[in-house]
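# Fold and contact review
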Amino acid sequence: MFEGICCRTNVSLVLPLFLSVSQLHSQQLIDPQATKATTNLYASLFQIQKQGVVFGHQDALAYGVGWNGLKNTSDVKFVTGEHPGLLGLDIGDLEFKKQKNLDGVPFQSMRDHVLSTFARGGMVTISWHARNPLTGGNSWDTTPGTVASILPGGSKHKLYTTWLDQAAVFFQSLQTPAGTVVPLLFRPFHELTGNWFWWCKNVCTPEEFKALWKFTVHYLRDIKGIHQLIYVYNTADFASAENFLERYPGDEWVDVLSFDRYQYEGKDGSKIFSSVVSSQLEILDKLGTKHVKPIALAETGYETIPDSNWWTTTLYPLLRTVPVAYVLVWRNHGLMKKTNKYHYYAPHPGHPSSKDFIRFSQLPDVFMEHRLSTLKIYH
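Because the structure is a prediction, the values reported are computed rather than measured. (Residues numbered from 1 in each chain as written. Predicted model: local features only at pLDDT ≥ 70, side-chain atom pairs only at ≥ 80, totals over all residues. Heavy atoms only, no water.)

## Here we look at the pattern of salt bridges
Once their charged atoms are close, side chains differing in charge can pair, the charge on each being opposite to the other. Evaluation of the coordinates by the stated rule reveals 10 salt bridges. In this structure, Arg261 and Asp237 form a salt bridge, with 2.5 Å as the shortest nitrogen-oxygen distance. Of this pair, Arg261 sits in the loop between strand 8 (256–260) and helix 9 (269–291) while Asp237 sits in the loop between strand 7 (229–235) and helix 8 (241–245), and the two are 24 residues apart along the sequence. For Asp237, a relative accessible area of 37% corresponds to the partly exposed category. Within this structure, Asp93, Lys98 and Arg131 form a network of salt bridges that share partners. (Salt bridge = Lys/Arg side-chain N within 4 Å of Asp/Glu carboxyl O. Helix = DSSP H or I, 4+ residues; strand = E, 2+ residues; numbered from the N terminus. Buried < 20%, exposed > 50% of the residue type's maximum accessible area, 1.4 Å probe, protein only.)

## A closer look at unusual backbone geometry
For residues other than glycine, phi is negative in most cases, and the peptide bonds are mostly trans. With a phi angle near 65°, Thr304 is a residue other than glycine that sits in the positive phi range. Turning to its location among the elements, Thr304 is positioned in the loop between strand 9 (295–300) and helix 10 (310–319). Backbone geometry places Asn340, a non-glycine residue, at a positive phi of 60°.

## Let's talk about the pairing of strand 10 (residues 326–329)
Side-chain alternation along strand 10 places Tyr326 and Leu328 on one buried face and Val327 and Val329 on a second face that is also buried. By the bridge criterion, 4 bridges tie strand 1 (residues 53–58) to strand 10 in an arrangement that is parallel. Across the sheet, the residue bridging to Gly56 is Leu328, located in strand 10. Traced from strand 9 through helix 10 to strand 10, the parallel crossover comes out right-handed. (Pairing = 2+ DSSP bridges. Right-handed = clockwise from strand over helix to strand, strands pointing away.)

## A closer look at helix 4 (residues 107–120)
Here helix 4 is 14 residues long and its end C-alpha atoms lie 20 Å apart, about the 20 Å a rise of 1.5 Å per residue gives. Every buried residue of helix 4 is listed here: Phe107, Met110, His113, Val114, Thr117 and Phe118. Projected down its long axis, helix 4 shows its buried positions confined to an angular sector of 125°, all on one face. (Expected span 1.5 Å × (residues − 1). Arc of directions from axis to C-beta.)

## Considerations on empty space enclosed by the protein
In the structure shown here, the tally under the stated rule is 2 cavities of 30 Å³ or more. Lining the largest cavity are Trp128, Ala130, Tyr160, Trp163, Pro188, Phe189, Trp198 and Trp199. Its residues placed into classes, the lining of the largest cavity shows 8 nonpolar, no polar and no charged. Among the elements that take part in the lining of the second largest cavity, strand 5 (residues 123–127) stands out by supplying 3 residues, more than any other. Across the lining of the second largest cavity, the residue classes tally to 5 nonpolar, 3 polar and 1 charged. (1 Å grid on protein atoms, 1.4 Å probe; cavity = no way out; pocket = protein on both sides within 12 Å on 5 of 7 lines; lining within 4 Å. Points joined across faces, edges and corners; volume = space filled by probe spheres on them. Nonpolar A, V, L, I, M, F, W, Y, C, P; charged D, E, K, R; others polar.)

## Side note on the nonpolar core
Phe55, Ile91, Met123, Phe171 and Tyr326 are the most contacted members of the largest nonpolar core, which totals 115 residues. Not counting the four nearest positions on each side in its chain, Ile91 is found in contact with Phe107, Met110, Ile126, Ser127, Trp128, Ala167, Phe170 and Phe171. (Core = buried A, V, L, I, M, F, W, Y, C linked by side-chain atoms within 4.5 Å. Contact = heavy atoms within 4.5 Å.)

## Remarks on the packing of helix 9 against helix 10
Packing of helix 9 against helix 10 brings their axes to within 9 Å, and their N-to-C directions diverge by 25°. The angle between helix 9 and helix 10 places the two elements in the roughly parallel class. Together, Ser270, Phe273, Ser274, Val277, Ser278 and Leu281 of helix 9 and Trp310, Thr314 and Leu318 of helix 10 make up the contact between the two elements. (Axes fitted to C-alpha atoms, helices over the stretch in contact; angles between N-to-C directions. Parallel < 35°, antiparallel > 145°, perpendicular 65-115°, else oblique.)

## Digging into the environment of Ser155
Positionally, Ser155 belongs in the loop between helix 5 (146–150) and helix 6 (157–172). Relative accessible area serves as the criterion here: at 65%, Ser155 is assigned to the exposed category. Considering only alpha carbons, one finds Ser155 and Pro133, 22 residues apart in sequence, at a separation of 9.9 Å. Residue contacts for Ser155: discarding those within four places in its chain leaves Leu134 and Ser149.

## Focus: the confidence of the model for the chain
Within the chain, residue pLDDT values average 93, and 93% of them lie at 70 or more. Low pLDDT, under 50, characterises residues 1–25; the predicted model gives this stretch 55 contacts beyond four residues in sequence or across chains. (pLDDT = per-residue confidence, 0-100.)

So this is what it looks like as structure tokens:
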């Protein structure tokens, strides 16, 4: 299942490659019928975070700075010679049966990217910027009462189940020619402790959110029979373990613990980012140990990466503080027409941070796609 080892540089103890029966028993997916490949991937996450961290990039294969829709291409590959170990995708607008997602990526192309990544031994994570089911607005429409409206008995509950039906069809379509469904790190209702989405803490109670999470998992897993998902619980900022767990539905409903945090411009931007992320990772590390869940920095980055050494002097030291299974930086949209500003989080050819990013990608405990593939994470 895990045919390689790459030691974390700050780990002083020799970590066991194989776990005891009791440890393996405690590292159970919340889906008892999960496919073999999904179960193996989940076990591999625990192993990986002891050895290093998988690097991911959102929409890496779909487009980049100055290009769109090229085959087997990514800005990460342009710079380093290989793809990121983790591909991030989003299924927003799938609920409206559109041909493309909210960022213009055709769902057919998305399928191709998932299958090619799986074939090469990489991992895939999927988020969902779902429209507001109460109003028809976008994910950022924070009309109060939206979550309550889609719970069982709510006025939009039936509509929400049709959205989950669409998601189930898409997930089931991610099959290899041999019939293997591709395991996915599914991250619904991301950044739930923020105040900018219709599922965030400012517009629903903890009880409503927990009910929404449980129903979503139940419907996909038990009603639709989707058994390839690893469910990733994801917050924005939190100040304590209690903050992080306020809306947590319980260990029997969650597989991975994660949060999102970006660095922003400003005199103390780097200092604040490092301080916050370090503190939150330490909290999450303790929670992961206590609840027996792998942990991740599911979204991060520094827009346009103005610090040419950001990868090895800011991000990498944070990833060494505690064992983290994976980290993902956001998408490389390129030039935004509305603002006439660039929007990207991974370097592209010629970018000032490219040399530092290459150094980062070659560190012995950073898993890009090729190194990850040698671990046989699905077997």
